Each structure stands twice: as structure tokens, then as C-alpha cells.
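# Secondary and tertiary structure notes
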Amino acid sequence: MKTVIWYRSNKYTCSSVNLIGLPSNSIQLEIYMSAKQIEEIISKVKKLPTLPMVANKVNNLIQDPTCTAIKLAEVIDKDQSLTTRVLRLVNSAFYSLSAEVTNVRHAIALLGFKTISQMVLSICVFDVFKGKYADDFDRKGFWLHSVGCAVLSKIIAEKCNYTTEDDCFTAGLLHDIGKVVLDQYLHDEMLAVLQKTRERDISFVVAEQAVMGLDHTDIGGQVMNNWNIPLPVTVAVKHHHQKVDERNGSEFAQDLIVDIVRLSDVICKQEHVGYTGDTVEVKVTEDLWERLPFDGKYVEELVGMSSEEIEKAAILIDLT
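All figures in this text were calculated on a predicted structure; none of them were measured in a lab.

### Quick look at the overall build of the protein chain
Secondary structure assignment for the protein chain yields 16 helices and three strands. Counting only residues that meet the buried cut, the protein chain has 53% of its 320 residues in that class. For the protein chain, the share of sequence-separated contacts (at least 6 apart) that also reach a separation of at least 24 residues comes to 64%.

### With respect to helix α4 (residues 80–90)
Looking at α4, one finds that the buried residues are Leu82, Thr83, Arg85, Val86, Leu87, Leu89 and Val90. At its buried positions, α4 is contacted by α2 (53–62), α3 (69–77), α5 (104–111), α6 (113–128) and α16 (315–318). You can read the cap of α4 off the contacts: a side-chain oxygen lies 3.2 Å from the backbone nitrogen of serine 81, and it is on aspartate 79.

### Let's talk about the pattern of salt bridges
Between side chains of opposite charge, pairing is possible as soon as their charged atoms come close. Considering all chains together, one arrives at twelve salt bridges under this definition. Among the ionic pairs, arginine 85 bridges to aspartate 127, the shortest N-O distance being 2.8 Å. Here the residue arginine 85 occupies a position in helix α4, and aspartate 127 occupies one in helix α6, the gap between them amounting to 42 residues. A single network of salt bridges, built from pairs that share partners, joins Arg247, Asp259 and Arg291.

### Topic: the state of the cysteines
Under the counting rule described, the total for this entry stands at zero disulfides. Cysteine 149 forms no disulfide, and the closest cysteine sulfur to it belongs to cysteine 268, at a distance of 5.3 Å.

Reading the values: rules and limits
Residues numbered from 1 in each chain as written. Predicted model: local features only at pLDDT ≥ 70, side-chain atom pairs only at ≥ 80, totals over all residues. Heavy atoms only, no water. Helix = DSSP H or I, 4+ residues; strand = E, 2+ residues; numbered from the N terminus. Buried < 20%, exposed > 50% of the residue type's maximum accessible area, 1.4 Å probe, protein only. Contact = heavy atoms within 4.5 Å. Polar contact = N/O pair within 3.5 Å; in protein donor to acceptor, adjacent residues only side chain to side chain. Salt bridge = Lys/Arg side-chain N within 4 Å of Asp/Glu carboxyl O. Disulfide = S-S within 2.5 Å.

Listed below in C-alpha cells is the structure:
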């Protein structure tokens, strides 16, 4: 079922909600925000900071068929801090290369254009959203969940022979980006959402709808559009809480990348990887992998397969 919001007596009612982790019967929540307040929230989201220039340049180069390793390395090398962190990550246990890599050009030759570009994007996103805020929202735990989802998404993509595994990693990393936007730029609303999850024992996304009339997938989708992030990643961010028949808009919304990220997200929540702001326990159910080429037994194996890789990938957080 989809979430439907309508106006009634200067309040919004969020009805017919059926999401993972919630009872199958519908629930109703009152939204004490006027239409003007909701518009103001959306306006704030549209005014978010842009992606750092180096990330934009790298994204443009990666889509240029004439781009060479030399050109890409030149762009990255102009940012000494970024170069240092890229090389630290390349030489970390996450990639387990046999010899030390001492320059970006060599890193590109070993790992490829796409991997290095996704690495740059990840580091730059962490830079945009760094800073210390109240303990109500565990920022480090949030990024750990995001990294866990990224690692799992890439593992599942490999199993599915999905053609762009790196996109799945990026989509997993950014799937909940709307939450950190909410924490950093709409902090009062974030506190209200967290309070409502505890008071009513409801999922984070339903609490968002109750407080704001929109949720982190709406906010995250807007951020992806602002940053001109590739469409497959954008649709995963926008639709990772929805089943196939609930996804509207672009044809890409039906793409397997959404199913991959959706499954990864729920597995990480079930296994308590990092922090999501949710207080409702979730379970991995068959509908999550119904379009993927494996069964429940393989889903169980995913947990063991990914734990070590998630631990290695946590270096991404240390680089911020």
C-alpha cells in the first residue's frame, strides 16, 4: 500500500501505511504541520550545499569516453587532502592489494575508473555532512549502517550478475542520505521524529511522515537530483522502502538496483549493523528477494559473507 496524505481541518492525516517492520493493518497519524510549513521544509532541502567541485569534475570525466587515467588523476591530484585519503583507502585492508600504491594514476590502473570515481564521491559526501551534533542521532553509527548496506549491495549485485556493481555500492552508501540531511539542516524536525519513534513505537519513515508530511527518501531524492547523481543510484535512494508495484515515476524505479538496496538495508537493520534511528524490529521476508536469483538459504549466508567486508569498509568512516 502507498502512503496517502490529504488535507483536513488544517492537519494532515497519514493513512494506509504498510511498511516493513509494521503491522499489516493500517494506522493513522496526525501531522501537525501546515502546507506552508511543509513547503518551507522542501525549500530548505533545495538549498542544500552542492557537491564539492572535484566530485563533480570526476563524475563528468567518468562519463566521457575520451577520458584517460592521466586526466582523471590530474583532477584528483589537485586536491592534496583527497589524494591522501584515496591512497589510504586503496592501500587499506578493504582492497588487500599485494603491493603499496603510491599515486592516483596507479590506483586507477589497478582498480578502474569507476571504482576510483565512486571512492571520490564517497569521501566528498562524508566531507559535506561532517560535524558534531547532539547525541540523539548517532552520526557514526549512521555511517556504519550506510557502509554496511553498501558492502552488502555490492555482494548481492555480484551474485545477481548486475552489470554495475559500483552503482550498487554507491546506492547502498547513499540510500539513507536524507536522514543525515535532516539531522544537519533540519535538526529540530529530526529530534521530533526520533521522539515520535520512541513514543509510538513506529518506524522512522512513518514518524517522518507524521512530523513533516514527507520522509528521508523524498529528501534524499532531492539531494541526488541537486547533485546530478546517476539515475540508477537516485531511484534506489528514492524507492528503497517500496515494493515493485509501489514505485512510480522513472522506468528505472523498477530496476533490480532498488531490490538489491532494499534487501541490504533490511538485512543490516535485522543484524543491527550501525544505527538507523528506528526502534521497530524488522525481519527479512521473502518479498524482499522475490525478483532476485536466489533463495532464503543464500540470504542467510549473506550475513556471514559480509561481516568481515563490512569491518574492512569501515575505514571509509575513519577517513572523514
